[in-house]
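Descriptive analysis of the structure
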Amino acid sequence: MNLGVYLEKKKGRAVNKIGKNKTIRECVDMLNEKKVGALIVTDDSGNVEGIISGKDVLIKGLPILDKSLSEIMTPKSKMITSDTSENIIDVMKKINDNRIRHMPVVDKGEIIGIVSIGDVIKELLDINIAENEQLKRYIHSQY
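Let me begin by describing the structure that accompanies this report. (Residues numbered from 1 in each chain as written. Predicted model: local features only at pLDDT ≥ 70, side-chain atom pairs only at ≥ 80, totals over all residues. Heavy atoms only, no water.)

**Quick word on the packing of helix H1 (residues 3-11) against helix H5 (residues 117-139)**
Packed helices, taken two at a time, are described by the angle between their axes plus the distance between the axes. Worth spelling out the cut-off: To get an axis, a line is fitted to the C-alpha atoms, and for a helix only the part in contact is used. The angle between two axes follows their N-to-C directions and goes from 0 to 180 degrees. By definition, any uninterrupted DSSP run of H or I lasting at least four residues is a helix, any uninterrupted run of E lasting at least two residues is a strand, and each is numbered from the N terminus. Any angle from 65 to 115 degrees is called roughly perpendicular, while one under 35 is roughly parallel, one over 145 is roughly antiparallel, and all others are oblique. Contacts are assigned to residue pairs with any non-hydrogen atoms lying within 4.5 Å of each other.
H5 packs onto H1 with a crossing angle of 90° between their chain directions and a minimal axis gap of 12 Å. One element, H1, and the other, H5, form an angle in the roughly perpendicular class. Together, Tyr6, Lys10 and Lys11 of H1 and Asp119, Glu123 and Asp126 of H5 make up the contact between the two elements.

Encoded structure:
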């Protein structure tokens, strides 16, 4: 299954954003409020500047809570993204190889969603369970 189909059928296209001039404290509040693990960071015009995750905040520690997001976010130039046409297995490899937990999904240069490592693992598990059931039915059939 490719990411475009996955977003349409299962995950949805919600992209939670936060302004780059917000504080890390405000970011933590929004992560908790939205119950998400990462936010896309934008400038005042809504242009993507980068991504920030709860892990980024934890790595730096609590003394940074009143600093600006731009001080610890991953800038757009270093963001790892996937295209909607990419296969979910390739996305898992990219997440694993880059040691990240959240990946923006891009379509024609625009971020249309975010997938987490948990989303990808669940989808791969669902695919494996479905294939397993098909094989069991085939083995126990009269063919």
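Picking up after the structure, the text goes on.
**Remarks on the nonpolar core**
Across soluble globular proteins, you tend to see nonpolar side chains buried next to one another. For clarity, the threshold we go by: The criterion is simple. A nonpolar core is a set of buried Ala, Val, Leu, Ile, Met, Phe, Trp, Tyr and Cys residues joined through side-chain atoms within 4.5 Å. Relative accessible area decides the class of each residue, using a 1.4 Å probe on protein chains only: under 20% of the type maximum gives buried, over 50% gives exposed, and in between gives partly exposed.
In terms of nonpolar packing, the biggest core is built from 14 residues, with Ile18, Ile24, Cys27, Leu39, Ile52 and Leu69 touching the most fellow members. Where this core is concerned, the elements lending two or more residues are helix H2 (24-34) and strand E2 (38-42). If you tally residues by element for this core, the top one is H2, at four residues. In contact with Leu69, other than residues within four places in its own chain, are Ile18, Gly19, Lys20, Lys22, Thr23, Ile24, Cys27, Val41 and Ile52. Core analysis: the next-biggest nonpolar cluster, separate from the first, contains 13 residues, Tyr6, Val91, Ile112 and Val120 among them.

**Looking at the layout of surface pockets**
For clarity, the threshold we go by: With a 1 Å grid laid over protein atoms only, a set of points is called a cavity when a 1.4 Å probe fits there but cannot get out and a pocket when it is open yet has protein on both sides within 12 Å along at least five of seven lines; lining residues have an atom within 4 Å of a point. Grid points are joined across faces, edges and corners, and a volume is the space filled by probe spheres set on the points. Here the term charged refers only to Asp, Glu, Lys and Arg, the term nonpolar to Ala, Val, Leu, Ile, Met, Phe, Trp, Tyr, Cys and Pro, and the term polar to all other amino acids, Gly among them.
By volume, the largest pocket is sized at about 300 Å³. Around the largest pocket, the lining comprises 14 residues; the ones closest to its centre are Ser53, Asp56, Thr74, Ile100 and Arg101. For the lining of the largest pocket, the element with the most residues is helix H3 (residues 54-60), which contributes three residues. Broken down by class, the residue content of the lining of the largest pocket amounts to six nonpolar, three polar and five charged.

**Thoughts on helix H4 (residues 88-98)**
Selection rule: The directions considered for the arc run from the helix axis to the C-beta atoms. Within 3.5 Å is the distance limit for a polar contact, defined as a pair of N or O atoms, with the added protein rule that one can donate a hydrogen and the other accept it, and that residues adjacent in sequence qualify only through two side-chain atoms.
Along H4, the positions that sit buried rather than exposed are Ile88, Val91, Met92 and Ile95. Looking down the long axis of H4, one finds its buried residues gathered within 100° of arc, a one-sided arrangement. More than 90 degrees from the buried face of H4, the exposed residues found are Ile89 and Lys93. Residues of H4 that are buried in the fold lie against H1, strand E5 (82-83), strand E6 (102-107), strand E7 (110-116) and H5. Residue Asn87 occupies the N-cap position of H4, its side-chain oxygen lying 2.7 Å from the main-chain nitrogen of Ile89. At the exit of H4 stands Arg99, carrying a positive phi of roughly 55°.

**Quick word on the sheet that holds E7**
Adjacent strands of a sheet pair through backbone hydrogen bonds, lying either parallel or antiparallel. So the rule is basically this: Only strands that DSSP links by at least two bridges are regarded as paired with each other.
Pairing in this open sheet of three strands is mixed, and the strands run E5-E6-E7 from one edge to the other. Two strands lie at the open edges of the sheet, namely E5 and E7, each paired on one side alone. Across six bridges, E6 lies against E7 in antiparallel orientation. Bridge pairing in E7 links Met103 to Val115. Across the sheet, H1 touches E5, E6 and E7, and the angle it forms with E7 is around 70°.

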